[in-house]
Amino acid sequence: MSEAPGILPSQSIDDLIAAGAITSSRPFDADQVQPASLDLRLGARAWRVRASFLPGLGRTVPQRIEDVAMHELDLTKGAVLEKGCVYIAELQEALALPKGISARANPKSSTGRVDVFVRLLTNNSVAFDDVAEGYAGPTFIEIAPQTFSILVRTSTRLNQLRLKRGEPPKLQVRSVGVDLSDGVAGFRARRHAGVVDMDHVDGHDPKDFWEPLIPRRGELLLDPGEFYILASKEAVEIPVMEAAEMTPIDPSVGEFRVHYAGFFDPGFGTEEAGGVGSRGVLEVRSHETPFLLEDGQTVARLVYEPLTAKPARLYGEGGSHYQRQGLKLSKHFRVWR
């Protein structure tokens, strides 16, 4: 009898690494495997490119880089990636996925919260972030800082990979509303701030990068092109046998984008993992026109899928920057005082 479809938990990811289905140019870090995902690390080189691209069937990422590269950056010494520019970087992890196993990537929470748009690329791919069943080859990442220029280096982690067997069923879809009640309900990014070091935890003064927002009458006017950090109205809970992905709402409901970093691991917000009351942090960018957001308005959906087994470790066990969070900036910033 074939095994049931589902998201692979941490111990199954460990098994794939042990079997050589996931390899790396450097030894894996002890904390690289998460409850239902694998952090990916930057390699030694990146390229500033003229345009984003998909390699398409029959073409590799390096072949396409040759067509659009402007210059090469050495990440072993650290490099600043400028806002408004597009880069392609090597990742240290390579894949040789067995039959029936595919994958999907998303930005890490800390990446999305500083408005860095990242997408996974593989050879012959016709879609960003999706890795086909049985893919064998290297992995690459497209990096496009939107608001802040960022400092990265070899082994910086900007995105994560979720592996799955078959096509997991959608267990439930929940609406996510935005909290615009009294007090500071969000932050708006400053346009001309300094560089964010993506490996420097608690290393930046938030007042240099953000301004707090106090809604009036439970409303907030989103300005086109501005970037906001808001929080969900409801607490979010991901059962230990499930994983979730936050997806945007239909554009007909509002012309704005919510949540670059879409993965929620099992145990987030649960009593078992000590996270009761955790909120979802929303990364919001308005599109072409101003948009008036109201308290409680639905801004995203949480799609829940089953795991193939209970993970050996849950989200937040051993410490986490975002378990039990309310409205919270990324881990790069000190607590607002």
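Residues numbered from 1 in each chain as written. Predicted model: local features only at pLDDT ≥ 70, side-chain atom pairs only at ≥ 80, totals over all residues. Heavy atoms only, no water.

In the nomenclature of an unreviewed UniProt entry, the protein chain corresponds to dCTP deaminase from the organism Phenylobacterium haematophilum.

This part is about helix α1 (residues 10-18). All of the buried residues along α1 are Ser10, Ser12, Ile13 and Leu16. The buried residues of α1 occupy an angular sector of 160° when the element is viewed end-on, so they sit on one face. Of the residues in α1, the exposed ones pointing more than 90 degrees away from the buried face are Asp15 and Ala18. Turning to α1, the residues buried within the fold contact β2 (22-24), β3 (33-34), β4 (37-49) and β13 (157-165). Taken from the residues just after α1, Gly20 is the one with a positive phi, measuring 85°. (Buried < 20%, exposed > 50% of the residue type's maximum accessible area, 1.4 Å probe, protein only. Helix = DSSP H or I, 4+ residues; strand = E, 2+ residues; numbered from the N terminus. Arc of directions from axis to C-beta. Contact = heavy atoms within 4.5 Å.)

We now examine the domain arrangement of the protein chain. One can read the domain layout of the protein chain as domain 1 (6-165) and domain 2 (172-306). A C-alpha centroid distance of 24 Å is found between domain 1 and domain 2. In this assembly, 33 residues from domain 1 lie in contact with 31 residues from domain 2. When the two sides are added together, the surface that domain 1 and domain 2 hide from each other amounts to roughly 2500 Å², 58% of it contributed by carbon and sulfur. The largest contributions to the domain 1 side of the interface with domain 2 come from Arg113, Phe148 and Arg162, which together make up 26% of the buried area. Here domain 1 is connected to domain 2 by 5 salt bridges. (Domains from an automatic or database assignment. Buried area = accessible area lost by both parts, 1.4 Å probe. Salt bridge = Lys/Arg side-chain N within 4 Å of Asp/Glu carboxyl O.)

This part takes up the nonpolar core. One finds Leu42, Ile143, Leu161, Leu163 and Trp210 to be the most contacted residues of the largest nonpolar core, which totals 48 residues. The contacts of Ile143, once residues within four sequence positions are left out, are Leu42, Leu81, Cys85, Val86, Tyr87, Ala89, Val116, Phe117, Val118, Ile150 and Leu158. By size, the runner-up hydrophobic cluster in this structure holds 25 residues, among which are Met246, Leu282, Phe291 and Val299. (Core = buried A, V, L, I, M, F, W, Y, C linked by side-chain atoms within 4.5 Å.)

Counting across every chain of the model gives 25 salt bridges. A salt bridge links Asp14 to Arg313; its shortest N-O distance comes to 3.9 Å. Of this pair, Asp14 sits in helix α1 while Arg313 sits in the segment after β25 (298-306); the two residues are 299 residues apart in sequence, bridging distant segments of the chain. Classification of Arg313 as partly exposed rests on a relative accessible area of 28%. For Glu226, the salt bridge identified is with Arg191, shortest N-O distance 3.1 Å.

Let's shift gears to the sheet that holds strand β16 (residues 196-197). What the 3 strands build is an open sheet, ordered β6-β12-β16; its pairing is mixed. The two strands at the open ends of the sheet, each matched to only one other strand, are β6 (79-81) and β16. Of the strand pairs in this sheet, β6 and strand β12 (residues 150-152) are connected by 3 bridges, and their pairing is antiparallel. Across the sheet, Val80 pairs through a bridge with Leu151, a residue of β12. (Pairing = 2+ DSSP bridges.)

With that settled, consider the UniProt feature "domain: 2'-deoxycytidine 5'-triphosphate deaminase N-terminal" (unreviewed entry) in the protein chain. In the numbering used here, UniProt assigns the feature "domain: 2'-deoxycytidine 5'-triphosphate deaminase N-terminal" (unreviewed entry) to residues 5-167. The straight-line gap between the two end C-alpha atoms of residues 5-167 is 6 Å; of that span, 13% is helix and 48% is strand. (UniProt positions renumbered as here; feature names shortened; annotations may be inferred.)

If you check which residues of helix α2 (residues 61-68) are buried, you get Val61, Arg64, Ile65 and Val68. For α2, the arc enclosing every buried residue in end-on projection is 110°, short of the 170-degree limit, so these residues lie on one face. Lining the buried residues of α2 we find β4, β5 (69-74), β7 (86-96), β9 (116-122) and β11 (136-145).

It is worth spelling out the packing of aromatic side chains at this point. Within this structure, the stated rule accounts for 8 aromatic pairs. Here the aromatic rings of Phe187 and Trp336 are separated by 5.3 Å at their centres, their planes lie at 40°, and the arrangement is tilted. Of this pair, Phe187 sits in strand β15 (residues 186-189) while Trp336 sits in the segment after β25, placing them 149 residues apart in sequence. The partly exposed category is assigned to Trp336, whose relative accessible area is 30%. When the centroid spacing of 6.1 Å and the interplanar angle of 45° are considered together, the rings of Trp210 and Phe227 count as tilted. One end of the pair, Trp210, is in strand β17 (residues 210-213); the other, Phe227, is in strand β19 (residues 227-235), and 17 residues separate them in sequence. (Phe/Tyr/Trp six-rings, centres within 6.5 Å; stacked < 30°, edge-to-face > 60°.)

The buried fraction of β4 is high, at 11 of 13 residues. Where β3 lies against β4, 2 bridges are found, and the strand directions are antiparallel. Opposite Gln34, over in β4, you have Ser37 as the bridge partner. The hairpin formed by β3 and β4 contains 2 residues between the paired strands. Relative to β13, β4 runs antiparallel, the two being bridged by 4 bridges. Paired with Arg41 across the strands is Arg157, a residue of β13. Here 5 bridges tie β4 to β7, and the two strands are oriented antiparallel to one another. Residue pairing in the sheet places Trp47 in a bridge with Ile88 of β7.

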